[in-house]
Amino acid sequence: MHIVHSIAELRTALAQRGRPAFVPTMGNLHAGHLSLVQLARQHGDVTVASIFVNRLQFLPHEDFDSYPRTWGADCSQLQAAGCDILFAPREADLYPEAQTFKLHPDPALADMLEGHFRPGFFTGVCTVVLKLFSAVFATTGGGVAVFGKKDYQQLMVIERMVQQFALPITIIAGETARVAGGLALSSRNGYLSAMELEQAMALSQALRQLAHAARSGSMPLADLETQALDQLRALGWAPDYLTVRQRCDLQIPSAAALQQAPLVALGAARLGNTRLIDNLEF
Ligand code: PAF
């Protein structure tokens, strides 16, 4: 695996290599990331992963400084997964000066759910992803980028960005990897104590129950969501949201849509000091 740090080095490494399939990450890799690398390998001539903890997408009180940085283990795992090029820019490579131009995504999609509880998050994500896309794809005439469904709203925001800017990039969605009890793999699971890890299964279970109840139409959706929030609180969580949305635009489904439209249950909740997110398509 070829490791590069600057955009110029990356473009040199990509010359004559064909269409890249790109997996952007913030490192601290787990099996979920590696499954995205496997997916990327099926869709491009050269597989590129990036590791960059992007300060623009963290709020001042969030975990930018303590975000786990596991360089050695990440490199070994990417190498074993068959990644060809690792792009690991230093802060000065991506942000050589203050990033005063930022990409503000459509508020109709980005100001709800994660964007409501983490204001500015999607501006930070879109700004860095556009810059990473420029680094990887500007000299290759486009390619493929792989994002996980675990960050469902992020995936939708990026898909919309690519579509609206007519970027020559195909976005491929990777399924969420889970442990046996249902907990979605996440870099932030590493913050959980052994006891919290057991308790953390409750988030995916709550989403499954909510999805089932929403489709059965046993109660108005808003009441089901309130009930789901109360049940999670009773288990010691501090939930931000547990909700059912239309998959096409993340808007609240009508009664008719609830019966048959493609939907997704999304949740974010804090267990102790750790904020976890998850979702379930149904
Ligand atoms: O999902 C992530 O790890 C990050 O939001 C991303 C897409 C790498 C941008 O920093």
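Residues numbered from 1 in each chain as written. Predicted model: local features only at pLDDT ≥ 70, side-chain atom pairs only at ≥ 80, totals over all residues. Heavy atoms only, no water.

Student: Mind showing me how you'd approach the sheet that holds strand E4 (residues 85-87) here?
Tutor: Backbone-to-backbone hydrogen bonds join strands into a sheet, with any given pair of strands oriented parallel or antiparallel. Spatial ordering of the open sheet is given by E1-E4-E3-E2-E5-E6, a layout of 6 strands whose pairing is parallel. The sheet is open, and its two borders are formed by strand E1 (2-4) and strand E6 (169-174), each paired with just one other strand. In this sheet, neighbouring strand axes are inclined to one another by 25 degrees on average, regardless of whether the strands run parallel or antiparallel. In this sheet, E6 lies alongside strand E5 (residues 143-148) in parallel orientation, the contact comprising 6 bridges. Within the sheet, the bridge partner assigned to Ala 145 lies in E6 and is Ile 171. Sheet contacts for helix H7 (residues 121-137): strand E2 (20-25), strand E3 (46-51), E4, E5 and E6; angle to E2, the most-contacted strand, approximately 150 degrees. (Pairing = 2+ DSSP bridges. Helix = DSSP H or I, 4+ residues; strand = E, 2+ residues; numbered from the N terminus. Axes fitted to C-alpha atoms, helices over the stretch in contact; angles between N-to-C directions. Contact = heavy atoms within 4.5 Å.)

Student: Would you mind showing me how to read the nonpolar core here?
Tutor: As a rule of thumb, soluble globular proteins bury nonpolar side chains together. One finds Leu 10, Phe 133, Ile 158, Ile 171 and Leu 250 to be the most contacted residues of the largest nonpolar core, which totals 45 residues. The element best represented in this core is H7, accounting for 11 residues. Apart from the residues within four sequence positions on either side, Leu 250 is in contact with Leu 109, Met 112, Leu 113, Tyr 152, Gln 153, Met 156, Arg 245, Val 264 and Leu 266. Core analysis: the next-biggest nonpolar cluster, separate from the first, contains 29 residues, Ala 200, Ala 211, Ala 261 and Leu 276 among them. (Core = buried A, V, L, I, M, F, W, Y, C linked by side-chain atoms within 4.5 Å. Buried < 20%, exposed > 50% of the residue type's maximum accessible area, 1.4 Å probe, protein only.)

Student: How should the site of the ligand be read in this particular structure?
Tutor: Taken together, the residues surrounding the ligand are Pro 24, Thr 25, Met 26, Asn 54, Gln 57, Val 128, Phe 147, Asp 151 and Gln 154. At 2.7 Å from an oxygen atom of the ligand is found a side-chain nitrogen or oxygen belonging to Gln 57. The separation between an oxygen atom of the ligand and a polar side-chain atom of Gln 154 is 2.7 Å. Protein burial of the ligand: of its 290 Å² of free accessible surface, 89% is covered by the chains. Partitioning the shell around the ligand into residue classes produces 4 nonpolar, 4 polar and 1 charged. (Near = heavy atom within 4 Å. Polar contact = N/O pair within 3.5 Å; in protein donor to acceptor, adjacent residues only side chain to side chain. Areas by Shrake-Rupley, 256 points an atom, 1.4 Å probe, with all protein chains shown as cover. Nonpolar A, V, L, I, M, F, W, Y, C, P; charged D, E, K, R; others polar.)

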